[in-house]
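Analysis of the macromolecular model
Residues per chain are reported as follows:
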Amino acid sequence: MVKNEVMVDDIPFPSQFMINNKPLPLMGHGITDIEIHFLQIKFTAIGVYLDPEIVTYLQQWKGKTGEDLTENDEFFEAIVNAPVDKFLRVVVIKEIKGSQYGVQLENAIRDRLAEVDKYEEEEEEALEKIVEFFQSKYFKKDFVITYYFPATSDGAKISFAIEGKEDLEIEVENANVVKMMKKWYLGGSRGVSPTTISSLANNISAELSK
């Protein structure tokens, strides 16, 4: 890991992560939040680490501005589908029960699967396991959840560390669920964090123009 850090809402994110001996640079970051009565409530900070090779799969968008790409869902579909390593680091800003986080994730994935008619028994079972994984945890401020989507499979690994214990990890093998999980965080106009989407679009636009 390199020393350089990027601050995302006062939370430090390493500028790259080593995955399988390969550095994945931080290509996008942002927060999830809502506004209630003009008050902004921030929930999580997000860092998106992608294999730099992803630009070879995005050549058709060369020359487009970050602004153009932010609004182009096909571009984000191509990011989701590109066969490269993707790693997400999610840091808690506002304390939340693991069960609440799990249900948010479950609802977002289930709705997306139902829309494309891919919500079957296998998907339901995979989602139940994820919800169970988060169930009895309590996410304090600065708690870190990571998602790893390897280039070599349709699966995903979700993990987090609890102080003084070994990291807890779950493998998700259902490809449909994994794809919608990626879309929750990287899915263009329907992504959970518009700031992350716009940051990704701007950074990849800059990479493509090199």
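For the structure, see preceding data.
Quick look at the structure, then. Bear in mind that the values here come from a model prediction, so they are computed numbers and not experimental data.

Here we take up the packing of helix α2 (residues 73-81) against helix α5 (residues 175-186). Where α2 contacts α5, the two axes come as close as 10 Å, and the packing angle between them is 130 degrees. With respect to each other, α2 and α5 are oriented oblique. By crossing handedness, the relation of α2 to α5 is classed as right-handed. Counted together, Phe76, Glu77, Ile79, Val80 and Asn81 of α2 and Lys179, Lys182, Lys183 and Leu186 of α5 form the full contact between these two elements.

The next thing to look at is the nonpolar core. Judged by nonpolar contacts, the single largest core of 52 residues is most densely connected at Phe134, Ile145, Tyr147, Ile158 and Met181. The residues contacting Ile158, other than those within four sequence positions of it, are Ile130, Phe133, Phe134, Ile145, Thr146, Tyr147, Leu168, Glu169, Ile170, Val172 and Met181. Of all hydrophobic cores here, the second largest spans 14 residues; its members include Val8, Leu26, Ala45 and Tyr49.

Turning our eyes to something else, we now look at a negative patch on the surface. There is a patch of like negative charges on the surface, built from Asp117, Glu120, Glu121, Glu122, Glu124, Glu125, Glu128 and Glu132. In this fold, Glu128 is placed in helix α4 (residues 121-134). In this structure Glu128 comes out as partly exposed when scored by relative accessible area, which is 43%.

Rules used throughout
Residues numbered from 1 in each chain as written. Predicted model: local features only at pLDDT ≥ 70, side-chain atom pairs only at ≥ 80, totals over all residues. Heavy atoms only, no water. Axes fitted to C-alpha atoms, helices over the stretch in contact; angles between N-to-C directions. Helix = DSSP H or I, 4+ residues; strand = E, 2+ residues; numbered from the N terminus. Parallel < 35°, antiparallel > 145°, perpendicular 65-115°, else oblique. Left-handed = near helix turned anticlockwise from the far one by under 90°. Contact = heavy atoms within 4.5 Å. Core = buried A, V, L, I, M, F, W, Y, C linked by side-chain atoms within 4.5 Å. Buried < 20%, exposed > 50% of the residue type's maximum accessible area, 1.4 Å probe, protein only. Patch = residues over 30% accessible without salt bridge, like charges linked within 9 Å, V, L, I, M, F, W, Y side chains within 5 Å. Areas by Shrake-Rupley, 256 points an atom, 1.4 Å probe, with all protein chains shown as cover. Salt bridge = Lys/Arg side-chain N within 4 Å of Asp/Glu carboxyl O. Lys, Arg positive; Asp, Glu negative; His and termini not counted. Charge placed at Lys NZ, Arg CZ, Asp CG, Glu CD.

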